[in-house]
Amino acid sequence: HSLHNLRLPVKEEISMKTVQALPEVEGVRGKSVVVIKIPGVSEKGRCRLRTIAVLLGKKEFVSYSDVDLIQKIFSEEDLKIALKKGPTFILVNVLEHVLSSYFDIITELDVVNNKLEEEAVHEQAVMETIFHLKRSLGFLHRALNSNRNLVLSLENGLVKNVNSKYAAYFRNQYNDFMELI
């Protein structure tokens, strides 16, 4: 099994906009391309999304992004074990990390929203912050729907090179995405 992470500068990621808009799965030379939206919070406290594109083969896992997500998820030792279990196992763990990120950010946004509601809503700055917060939540929900559809495709075997023994994991992830939505 092999794993590669190709870091793309932000300019390159933006040029992938066409791919990002369609989180569907496409076959590429016997491989599958999976696009996953990863939530984050900017320095200004606003919601942002990063994209990771994964080229998935029967024995290959190649990720394209501007961050090394694989290093965040796996220690060096855990990565060796994951590689032995195969690319689908790595994909399951990447999706688990993404789900955890959504839960963390939605919880954080909810806390900020509740705090703002308690403050005086007559102040312009508070109203602007509430507006940005609601926009961020809408942004996250669109990305959640996209990832939910991807996981459903993975569970239903619509993606080449995905090991069907992980279907139960994809079902659990689908349920988690539904809970977040």
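Residues numbered from 1 in each chain as written. Predicted model: local features only at pLDDT ≥ 70, side-chain atom pairs only at ≥ 80, totals over all residues. Heavy atoms only, no water.

## Some words on a negative patch on the surface
A surface patch of like charges, here negative, comprises Asp-110, Glu-117, Glu-118, Glu-119 and Glu-123. Its place among the elements puts Glu-119 in the loop between α5 (87-118) and α6 (124-155). The class for Glu-119 is partly exposed, based on a relative accessible area of 35%. (Patch = residues over 30% accessible without salt bridge, like charges linked within 9 Å, V, L, I, M, F, W, Y side chains within 5 Å. Areas by Shrake-Rupley, 256 points an atom, 1.4 Å probe, with all protein chains shown as cover. Salt bridge = Lys/Arg side-chain N within 4 Å of Asp/Glu carboxyl O. Lys, Arg positive; Asp, Glu negative; His and termini not counted. Charge placed at Lys NZ, Arg CZ, Asp CG, Glu CD. Helix = DSSP H or I, 4+ residues; strand = E, 2+ residues; numbered from the N terminus. Buried < 20%, exposed > 50% of the residue type's maximum accessible area, 1.4 Å probe, protein only.)

## Focus: the environment of Gly-57
Checked against the element boundaries, Gly-57 lands in the loop between β4 (47-56) and β5 (60-65). Using a relative accessible area of 1% as the deciding quantity, one classes Gly-57 as buried. Residues Gly-57 and Lys-160, 103 residues apart in the sequence, show an inter-C-alpha distance of 7.7 Å. Those residues in contact with Gly-57, other than ones at most four positions away along the chain, are Lys-31, Pro-87 and Asn-161. (Contact = heavy atoms within 4.5 Å.)

## A few points about the nonpolar core
Within the largest apolar cluster, 42 residues are counted, with the highest numbers of intra-cluster contacts made by Ile-36, Phe-61, Leu-91, Val-94, Tyr-102, Leu-154 and Phe-170. Where this core is concerned, the elements lending two or more residues are β3 (31-41), β4, α3 (69-73), α4 (76-85), α5, α6 and α7 (167-180). With 13 residues, the single largest contributor to this core is α5. Residues contacting Ile-36, with those up to four places away along its chain left out, are Arg-50, Thr-51, Ile-52, Val-54, Leu-91, Val-94, Leu-95, Val-98, Asn-147 and Leu-150. (Core = buried A, V, L, I, M, F, W, Y, C linked by side-chain atoms within 4.5 Å.)

## Describing the environment of Glu-60
Residue placement: Glu-60 occurs in strand β5. Between the C-alpha atoms of Glu-60 and Pro-87, which are 27 residues apart in sequence, the distance is 6.0 Å.

## Observations regarding the pairing of β4
Taking burial as the measure, the 10 residues of β4 include 7 buried ones, the bulk of the element. Where β3 meets β4, 10 bridges bridge the pair, whose relative direction is antiparallel. Bridging from a neighbouring strand, Val-34 pairs with Val-54 of β4. With 4 bridges connecting them, β4 and β5 associate as antiparallel partners. In the strand pairing of β5, Leu-55 is matched with Val-62. Hairpin connection of β4 to β5: 3 residues between the antiparallel strands. (Pairing = 2+ DSSP bridges.)

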